[in-house]
Amino acid sequence: MDLELLLERELTTLRPPGGTITDVHVCQRDCGRWYINVRVSWRGTALFHVGLYDKKRIRLYKKASSAIRHVILGYGYEEVVHVHPCPGLRDEKAF
């Protein structure tokens, strides 16, 4: 899935007043690493890859639990987090 990049700083320090994260998806690549996609209220209905804080690269995680923890603690998100494992990968260490 090729989506536009949203830097993490926009979700934390640069979030506009009243801006909310409306949808979160934690997805797995075929290499086993996980990444976060979000939908935010101040950018319409598009889904965005979450990038590094100050670099235009997708933020990757070794475990799904690390990505989910980052969404909850780092972004203050308290709703449903959708998890999308890569078909065919069955590595318990990746969760």
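Coordinates for the structure precede this section.
Quick summary incoming for the structure in this document.

Reading the values: the criteria
Residues numbered from 1 in each chain as written. Predicted model: local features only at pLDDT ≥ 70, side-chain atom pairs only at ≥ 80, totals over all residues. Heavy atoms only, no water. Helix = DSSP H or I, 4+ residues; strand = E, 2+ residues; numbered from the N terminus. Rg over C-alpha atoms; globule rule 2.2 N^0.38 Å. Buried < 20%, exposed > 50% of the residue type's maximum accessible area, 1.4 Å probe, protein only. Contact = heavy atoms within 4.5 Å. Expected span 1.5 Å × (residues − 1). Arc of directions from axis to C-beta. Salt bridge = Lys/Arg side-chain N within 4 Å of Asp/Glu carboxyl O.

## Quick word on the overall build of the chain
No. 1: Within the chain, the secondary structure is distributed over two helices and six strands.
No. 2: Counted from the first residue to the last, the chain has its helices and strands arranged as β-α-β-β-β-β-α-β.
No. 3: Relative to the compact-globule value of 12 Å for 95 residues, the chain shows a C-alpha radius of gyration of 13 Å, a close match.
No. 4: Of all 95 residues assigned to the chain, the portion counted as buried reaches 37%.
No. 5: Restricting to contacts in the chain with at least 6 residues of sequence separation, those with at least 24 account for 63%.

## Side note on the environment of P87
No. 1: Relative to the elements of secondary structure, P87 occurs in the segment after β6 (81-84).
No. 2: Overall, P87 belongs to the exposed group, its relative accessible area being 74%.
No. 3: As a C-alpha pair, P87 and R29 span 58 residues in sequence and 9.5 Å in three-dimensional space.

## A look at helix α2 (residues 64-75)
No. 1: Taking 1.5 Å per residue as the helical rise, α2 with its twelve residues ought to reach 16 Å, and the 16 Å between its terminal C-alpha atoms agrees with that figure.
No. 2: For α2, the full list of buried residues reads A64, A67, V71 and Y75. Each buried residue of α2 sits inside an arc of 70° when the element is viewed along its axis, so together they form one side.
No. 3: The secondary structure elements touched by the buried residues of α2 are α1 (8-11), β2 (21-28), β3 (34-40), β4 (48-51), β5 (60-61) and β6.
No. 4: A positive phi of about 70° marks G76, the residue just after α2.

## A look at the pattern of salt bridges
No. 1: Evaluated as defined, the whole model comprises three salt bridges.
No. 2: Ionic pairing is found between R43 and E10, a salt bridge with its closest N-O pair at 2.8 Å. Here E10 lies in helix α1 and R43 lies in the loop between β3 and β4, a separation of 33 residues in the sequence.
No. 3: On the basis of relative accessibility, which here comes to 33%, the residue R43 falls in the partly exposed class.

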